[in-house]
Amino acid sequence: MTKMPGGELATRPLHFIWICDCSGSMMAEGKIQSLNTAIKEALPAMRKVADENPNATVLVRALKFSSGAQWVSKDPTPVENFKWFDLDADGVTDMGKALSILADELKIPPMTDRALPPVLVLISDGQPTDDFDSGLKKLMDQAWGKKAVRISIAIGGDADNDVLQKFIGSSELKPLIAKNAEALIKQIKWVSTAVLQSASSPASQTKDSQPPGTNVPIPVVPDDINNPPSGAGDVW
Amino acid sequence: MVKSLNKKNFRIVGTSVEGASHKRSGKPNQDRINFFISDPSNLPIILVVADGHGGKSYFRSGKGAALAIETSLDVCKGLEKVPWDDIKDKKIIDFLCRDIVQKWLEKVNSDIQANPFTEEEKSLLKIKKGSSSKRPGGLNNIDLISAYGSTLITAVLHETYVLYLQLGDGDILTVAEDGNIDKPLPEDKRLFGNETTSLCLPEAWSDFRFRLIPIDSSNKPPALIIISTDGYANSYLSEHEFEKVGIDLLENICEHPDGMHAGMDYIEENLANWLNEASEKGSGDDITVGIICNLSQIKKYRDNNYEITIKKKEIKHVSDDTPPLAIKSEEIAKHEKQDNILPPDPSESIDSPTNDNLGIDQL
């Protein structure tokens, strides 16, 4: 006779997207293997954060770029089912192409306007070999591109920090710099947990209340993650 | 706690629940709701909800939402003596929005004077360099006011018009006597992601959306006016799934075997549970809903759509051309007798404005 009003209830989707540099230079000093290991090791902690925030459905994808760019896993996959497939490295650094492909997937549709701001994590060890600015513009032309939480990780000293900073779009947040595998593991874990946690339940806010480009309050990056001390282990 | 009022022609039901994610994090409910109904004439009815922003720097937003409710009720009570012929002048609405913002700022200012920020609160404020600008009247720095940031949605059901006012996110749904669902206000593209316009922003009065609709022989007041904070719509899979709330509430009222009043009692008894479930399985946010039930219009819907065992399931939108399903039954008379609430439609005794005056039914 009577019933709860309204149609189907649903938690809000939170898209988390790894954007990984798979250019030939990532073969050097075990960088690509370290990236594969770091993301795989971070998955249990990521799932734990998702479990603790049941009103957000965390959907994970990965996009790789080298000579061209392509989705490793195009379909948004619930984090509990997400599996990391090891990436190989070869070719150049078509980062602009990756952002262009990403922009297509952030359109509404296929995205919905009730989603939470997506988290985009760009990881690179080098300089773009294609038109990065055009790719970034295409991404930022999308409403969800602008509203996304954008984080970048520089692997080693040859990464183009200016480009990674442009991707973030905020002077308040700097690229994380990984000089060795241990630092990369910590940084990937921090992004997978602390950043995911903040993005899972963002409070309503007025325009410009956050520094440009951050969109949701990003936790302060701990010193040992943001600027780990240099040491003999710095191989990148 | 459910707020409700039962009058001869109208029933108002509303409640606010703490969001599921707020319960987990220990954050208080920052939504507020209240209403006013004129006595003894019943009209105008004013229903207001407000949603205090949840970010850390909006640490007094629950108070800000309460002050927003208080202010909007006070200001809109002044519309009781303002008929359609006067309010159709857009300047009145502009004045109304400015007045709400100005009086809210004054209340916020008084509250800051009475309860100065603690050192801990000051550390949470986001003071921007060079932002020493003052509001008109020498009020506080806008960075201080932002601690009270809140949205505001107001519905005014007057004898001769319905006025909807909205600043920030949230939703207004109406259900007409023929079952048509409408969202009377246009989309505001600035309300995207977790961003909203707010009473605490400079020039907030200019960010209000409004719609003014006359009540006359061709424009009947809605059977239901439902206003809600954004946590409610965000708990549904899509806009379409959310809009079903309107017709389902109407059907809950009309299908109750003990009559329409019993149907509304049922809604009142269950509303908080429904909103808690929506927050748990949906957005996790605080949810606040207020409903104005117009009994004579609800009865028209029931008369046109129900035989005791037959009901209309189709969700209709304003854009649909499908004529309302008309089913009459001798059984309807039994319902009328049970409900005993059938005064003449108040809108039928209202002088109709000329067609020239209908242009205000727009932004």
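So, here's what we can say about the structure. (Residues numbered from 1 in each chain as written. Chains lettered and ligands numbered in written order. Predicted model: local features only at pLDDT ≥ 70, side-chain atom pairs only at ≥ 80, totals over all residues.)

Describing the overall build of chain A
- In terms of helices and strands, chain A carries seven helices and seven strands.
- Ordering the α and β elements of chain A from the N terminus gives β-α-β-β-α-β-α-α-β-α-β-α-β-α.
- By the compact-globule yardstick of 18 Å for 236 residues, chain A fits well, its C-alpha radius of gyration being 17 Å.
- Within chain A, the fraction of its 236 residues that count as buried is 50%. (Helix = DSSP H or I, 4+ residues; strand = E, 2+ residues; numbered from the N terminus. Rg over C-alpha atoms; globule rule 2.2 N^0.38 Å. Buried ≥ 20, exposed ≤ 12 C-beta atoms within 10 Å, placed from the backbone.)

Topic: the nonpolar core
- Residues Leu224(B), Leu250(B), Ile292(B) and Cys293(B) are the most contacted members of the largest nonpolar core, which totals 88 residues.
- Residues contacting Leu250(B), with those up to four places away along its chain left out, are Val175(B), Gly179(B), Ala223(B), Leu224(B), Ile298(B) and Tyr301(B).
- Judged by nonpolar contacts, the second largest core, of 68 residues, contains Phe65(A), Phe82(A), Ala98(A) and Leu139(A). (Core = buried A, V, L, I, M, F, W, Y, C linked by C-beta atoms within 7 Å. Contact = placed C-beta atoms within 7 Å.)

A short note on the sheet that holds strand E3 (residues 31-38) of chain B
Residues and elements named next belong to chain B.
- Strands sit in the order E3-E4-E5-E6-E10 across an open sheet of five strands; the sheet is antiparallel. Looking at which strands have only one partner, the edges of the open sheet turn out to be E3 and strand E10 (209-214). Averaged over neighbouring strand pairs, the angle between their axes works out to 5° when direction is ignored.
- Summarising the sheet, E3 and strand E4 (residues 42-51) pair through eight bridges and their orientation is antiparallel. (Pairing = 2+ DSSP bridges. Axes fitted to C-alpha atoms, helices over the stretch in contact; angles between N-to-C directions.)

Here we look at helix H6 (residues 181-200) of chain A
Residue and element names in this part refer to chain A.
- Here H6 contains 20 residues, and its C-alpha end-to-end distance of 28 Å stays within 8% of the 28 Å for a straight helix at 1.5 Å per residue.
- At Trp 190, H6 shows its largest bend, some 30°.
- For H6, the complete set of buried residues consists of Ala 181, Ala 183, Leu 184, Gln 187, Ile 188, Trp 190, Val 191, Ser 192, Val 195, Leu 196, Ala 199 and Ser 200. (Expected span 1.5 Å × (residues − 1). Bend = angle between axes of the 7 residues up to and from the residue.)

Some points on the packing of helix H1 (residues 31-52) of chain A against H6(A)
Residues and elements named next belong to chain A.
- At a minimum axis separation of 9 Å, H1 and H6 run at an interaxial angle of 30°. Comparing their axes, H6 and H1 come out roughly parallel. Relative to H6, H1 is oriented so that their crossing is right-handed. Packed against H1, whose contacting residues are Ser 34, Leu 35, Ala 38, Ile 39, Glu 41, Ala 42, Ala 45, Met 46 and Val 49, the element H6 presents Ala 181, Leu 184, Ile 185, Ile 188, Lys 189, Ser 192, Thr 193, Leu 196 and Gln 197 at the interface. (Parallel < 35°, antiparallel > 145°, perpendicular 65-115°, else oblique. Left-handed = near helix turned anticlockwise from the far one by under 90°.)

Remarks on the environment of Glu70(B)
All names here are of chain B.
- Residue placement: Glu 70 occurs in helix H2 (residues 61-77).
- Accessibility expressed as a C-beta count within 10 Å gives 17 for Glu 70, which makes it partly exposed.
- Once the C-alpha coordinates of Glu 70 and Tyr 164 are considered, the two residues, 94 residues apart in sequence, prove to be 17 Å apart.

A word on the sheet that holds strand E2 (residues 56-66) of chain A
All names here are of chain A.
- One open sheet accounts for six strands, arranged E3-E2-E1-E4-E5-E6; its pairing is mixed. If you trace the sheet from one side to the other, it starts and ends with strand E3 (68-78) and strand E6 (176-178), each paired once. Here the average twist between neighbouring strands, direction ignored, is 15°.
- As paired elements, E2 and E3 share seven bridges and run antiparallel to each other. Each residue of the ladder has a partner; that of Lys 64, found in E3, is Gln 70.
- Those strands touched by helix H5 (residues 161-168) are strand E4 (119-124) and strand E5 (149-155), and its axis lies near 165° from that of E5.

Looking at the interface of chain B and chain A
- Taken together, the contacts link 41 residues of chain B with 29 residues of chain A.
- Breaking the side of chain B that touches chain A down by element, the ones donating at least two residues are helix H1 (20-25), strand E9 (195-196), helix H8 (239-255) and helix H9 (260-281) of chain B.
- Of the residues forming the side of chain B that touches chain A, the biggest block, nine residues, is contributed by H8(B).
- Across the side of chain B that touches chain A, the residue classes break down as 13 nonpolar, 18 polar and 10 charged.
- With two bridges connecting them, strand E7 (residues 205-206) of chain A and E9(B) associate as parallel partners. From the neighbouring strand, Thr206(A) faces E9(B), where its bridge partner is Thr196(B). (Nonpolar A, V, L, I, M, F, W, Y, C, P; charged D, E, K, R; others polar.)

Describing the packing of H8(B) against helix H10 (residues 295-305) of chain B
Residues and elements named next belong to chain B.
- Here H8 crosses H10 at 80°, and the two axes come no closer than 10 Å. Our classification of the angle between H8 and H10 gives roughly perpendicular. For the pair H8 and H10, contact is made by Leu 250, Ile 253 and Cys 254 and by Ile 298, Tyr 301 and Arg 302, respectively.
- For the contact of H8 with H10, the class distribution of residues is five nonpolar, no polar and one charged.

Some thoughts on unusual backbone geometry
Residues and elements named next belong to chain A.
- Here the bond from Ile 108 into Pro 109 is cis, since omega is -20°, no more than 30 degrees from zero.
- Tracing the sequence through the fold places Pro 109 in the loop between helix H2 (95-105) and E4.
- Pro 109 connects to Pro 110 through a cis peptide bond whose omega is 15°.
- As for its position among the elements, Pro 110 is in the loop between H2 and E4.
- At Glu 29, a residue that is not glycine, the phi angle is positive and equals roughly 50°.

All we've got here are geometric facts, nothing functional implied.
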